[in-house]
Amino acid sequence: MPKLTIYILLLCLSFGKLGANNVTLARDIKVGVYHNPPLIYTDSLQQAKGIFIDILERIADNNNWQLSYQNYHLKQGLDALKNNEIDILPGIAFSKERAKQFIYSDEVIFTNWGVIYKNEHSSIQNISDINGSKIGLEKGDIQAIAFSQLLRDFNFNADIIWYDNSADLLSDLMQHKIEAAAINKVIGHYYYENESILETSILFNPVNLHFVSNDPQLLSDIDLGVLKLQSETPELYKSIIDQWLVTNPTKVIPTWLKIAIITLTISILILAFTLFILKKIINKQDKNLKEEYKQKLLNKKLIDRLEIEKALILNSIDDQVVFIDPNYRILWANAAFKNRQSVPFEKLVGEKCHKAAFKNNEPCSFCQYENSLLSKQTETYEHYNESSKNYFSTKTSPVYDSEDVPIGFVKVITDITDKKRNEWELIEAKEKAEESDLLKSTFLANMSHEIRTPMNAIIGFSELLDDNTITEDEKSSYVNIIQSNGQQLLKLISDILVFSQLESGHLELQYSTINVAEFLQEIYQQFKTEKDKLNNLQLSIDLDINQIDTNLSIETDAIRLKQILFNLLTNALKFTKEGKILIKAKTKNDLLLLSVSDTGIGIPDDQLKNIFRRFSQVENNQMKKAAGSGLGLSITKELIHLLGGSIEVSTKLNYGSKFSVIHPLHSKSDFRLETALTEVSSN
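Everything numeric in this text was worked out from a predicted model, so none of it was measured.

Conventions and cut-offs
Residues numbered from 1 in each chain as written. Predicted model: local features only at pLDDT ≥ 70, side-chain atom pairs only at ≥ 80, totals over all residues. Heavy atoms only, no water. Phe/Tyr/Trp six-rings, centres within 6.5 Å; stacked < 30°, edge-to-face > 60°. Helix = DSSP H or I, 4+ residues; strand = E, 2+ residues; numbered from the N terminus. Buried < 20%, exposed > 50% of the residue type's maximum accessible area, 1.4 Å probe, protein only. pLDDT = per-residue confidence, 0-100. Contact = heavy atoms within 4.5 Å. Pairing = 2+ DSSP bridges. Axes fitted to C-alpha atoms, helices over the stretch in contact; angles between N-to-C directions. Patch = residues over 30% accessible without salt bridge, like charges linked within 9 Å, V, L, I, M, F, W, Y side chains within 5 Å. Areas by Shrake-Rupley, 256 points an atom, 1.4 Å probe, with all protein chains shown as cover. Salt bridge = Lys/Arg side-chain N within 4 Å of Asp/Glu carboxyl O. Lys, Arg positive; Asp, Glu negative; His and termini not counted. Core = buried A, V, L, I, M, F, W, Y, C linked by side-chain atoms within 4.5 Å. Right-handed = clockwise from strand over helix to strand, strands pointing away.

As enumerated under the stated definition, the model contains 14 aromatic pairs in all. With centroids separated by 5.9 Å and ring planes inclined at 70°, the aromatic side chains of tyrosine 328 and phenylalanine 409 adopt a geometry described as edge-to-face. With tyrosine 328 in the loop between strand E12 (320-324) and strand E13 (330-333) and phenylalanine 409 in strand E16 (residues 406-415), this residue pair connects regions lying 81 residues apart in the sequence. Phenylalanine 409 matches tyrosine 328 in its accessibility class, with the two residues each being buried. Judged by centre distance (4.9 Å) and plane angle (85°), the ring pair of phenylalanine 527 and phenylalanine 566 falls under edge-to-face. With phenylalanine 527 in helix H19 (residues 516-533) and phenylalanine 566 in helix H20 (residues 558-575), this pair connects stretches of sequence that are 39 residues apart.

Written out as structure tokens, the structure reads:
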């Protein structure tokens, strides 16, 4: 009996000692909390919440830690950790600067991206729209630091507003005090579901989030706890994260909490026995085996992560990327390459690239694989694809194994069709600009002559009129010369003024209703008078309006239409020495067709395409260069276009020319010129 009593007493003392050890094993851990929901934040009851808090509390239960929380802004929390006021700060993005001050956990709890969010009134769609916008950033946030550097790299001049925390930042965004905010994707998603903020397509700076501390042993215990959660209870670990990302955490009771309550109840009943067993197991574990186990898990996770990230990165670019073995067989390609193919990619795997792409039995002549092996660097080649009608730039890079043996090559194929088109357009624009500059220089050089000649005639013959000895016939002849040169000078100045109005876009049309027959009769009489002044009996001018109704009226700018016909008739008189000039009018469908034909010198075929160009004049070796600015036909074409019509020309060298002016019968707003012209051509 005494022996039994002593045994029971010793057993009680053992459990009492174990309980005392349990008390000494408990450790107080001070945890910093800042506002970054749903990763980590403090709710309205001042309770620490979020993904990192749930994971940390799970690890704390297994390690007998007592957690206490301190609430900070992000920058304050980093300063508190630096000053050893707290033991650990969760949810911190990795950066080289921070790594110099703190120790990071090996395990990545979450990978986050920076995203630009905007309010519903903002027009920001892509990165170029940021220039000149008002952007909000959080002090100390790694995404904010990365985005401000991105703005400097692109030389964007954005108005940056700095905030102490993300809550104030997003509040101002929803109140339209700022146009956009650069924050991490998780916190943006947390507010995005029920608030008036919109996610843009601008993503930047993927970062890994860790626990940070100044205590390497504490971080090692946390890493081991995370690895155990991931490997031994992966569903529980996934549910801890998913419950915050799938739904609003304030409206969901986490499944892990229910499990924790049940586990806690059972743990209280068997606490002494469990602690005893755990202590024995921990003491027996070999430290090297534990590190080896941890390293294997890390290596496997790293390999899996690298494969996923490689696929994500290559599939996110627009260029086609394809890996080909030394025998030219296709092995792998990104999404851009697959989407370009007419057959499923699975059918192309193992096919020779030259056969799959070009139906060739031999490698393509422009393939740079052999050249890249010789140079051991990337070779670039541009080529044109007949089937797709596109230009491509192909970069070929050899791939080597660890023994420096070539195992294939990577081709990066870029569609440069738009780039080529832009180059051609720039060359064409440059040539046109140079030609226009030359024509303008020629025009300005000729202006002094064109203005000085009539001015000299006006001044010279005006002085002769003061001579009292001249006869009345001579005086009348001098007056006619002065008037003729005055009209020539007036037309030159008028052409220059109209040209300047057309160039600046300030020419306004004054529409009115005119009788076509009366309008043409007036022009005919005026130019018949001009022709009679030439005393050229070998040239006649006629008017044919027999094919139109004498009551036909149109709505047009009478002054500009008259200017168009005057320019055509002036040229006809200038370049026709004998024969006939005919003004003719007729209607067809919804068109008024006015034509001026002559039996003059005609236009050479090689100059026909240039006659409507500014400062251009027809050159003919059989007659001297005609006076004029070279603007008449250019102005004529632009004026008829403004009136809703068009102009055409037919000519034969040394036999004459015919200019046809096509004017709508109805108002410009109700008229479709292309349709009417098509009907005229078909008839």
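Here the narrative resumes.
What follows deals with the confidence of the model for the protein chain. Across the protein chain, the average pLDDT comes to 81, with 84% of residues at or above 70. Below a pLDDT of 50 lies the segment residues 247-253, which in the model reaches 10 contacts outside its immediate sequence neighbourhood of four places, other chains included. Predicted confidence is poor over residues 669-683, with pLDDT under 50, and the contacts of this stretch with residues over four places away or in other chains come to 20 contacts.

Moving on: the sheet that holds strand E20 (residues 579-588). To summarise the sheet geometry, strands pair through backbone hydrogen bonds and adopt either a parallel or an antiparallel arrangement. Strand order in the open sheet made by the 5 strands is E18-E20-E21-E23-E22, with mixed pairing throughout. Pairing within the sheet leaves two strands with one partner each, and these edge strands are strand E18 (539-547) and strand E22 (646-652). Put simply, the sheet's adjacent strands are angled 15° from each other on average, direction ignored. With 7 bridges connecting them, E18 and E20 associate as parallel partners. In the sheet register, glutamine 547 faces E20, and the bridge partner there is lysine 586. Sheet strands in contact with H19 are E18, E20 and strand E21 (591-598), and its direction is about 175° off that of E18. Strands in contact with H20 are E18, E20, E21, E22 and strand E23 (656-664); relative to E21, the strand with the most contacts, it is inclined by about 20°.

What follows deals with a nonpolar patch on the surface. A cluster of nonpolar side chains, namely Ile262, Ile266, Leu269, Ile270, Phe273, Phe276, Ile277, Leu278, Ile281 and Ile282, defines an oily patch on the protein surface of about 990 Å² accessible area. Those elements that place two or more of their residues in the nonpolar patch are helix H10 (255-269) and helix H11 (271-284). Checked against the element boundaries, isoleucine 277 lands in helix H11. We classify isoleucine 277 as partly exposed; its relative accessible area is 34%.

Mapped onto the fold, aspartate 141 is located in the loop between strand E8 (134-138) and helix H5 (142-153). Nearest to the buried, unbridged aspartate 141 among oppositely charged side chains is arginine 98, at 5.7 Å. In contact with aspartate 141, not counting residues within four places along its chain, are Leu74, Arg98 and Ala182.

With that out of the way, let us pick up the nonpolar core. In this structure, Ile55, Ile88 and Ile222 are the most contacted members of the largest nonpolar core, which totals 47 residues. Of the residues forming this core, the biggest block, 7 residues, is contributed by helix H2 (residues 51-63). In this structure isoleucine 222 touches Leu56, Ile59, Trp65, Ile88 and Phe211, once residues within four positions along its chain are discounted. Among the nonpolar cores identified, the runner-up in size contains 44 residues, and Ile523, Ile541, Leu594 and Ile635 belong to it.

With that settled, the discussion passes to the pairing of E8. Within a regular strand, the side chains alternate between the two sheet faces. Along E8, 4 of the 5 residues are buried, which leaves the element largely enclosed by surrounding structure. In the sheet, E8 pairs with strand E9 (residues 159-163) via 5 bridges, with the strands oriented parallel. Looking at E9, one finds that glycine 136 is bridged to isoleucine 161. Taken together, E8, H5 and E9 constitute a β-α-β crossover, and its handedness is right-handed. Relative to strand E10 (residues 180-184), E8 runs parallel, the two sharing 2 bridges. By the bridge assignment, glycine 136 is partnered in E10 with alanine 181.

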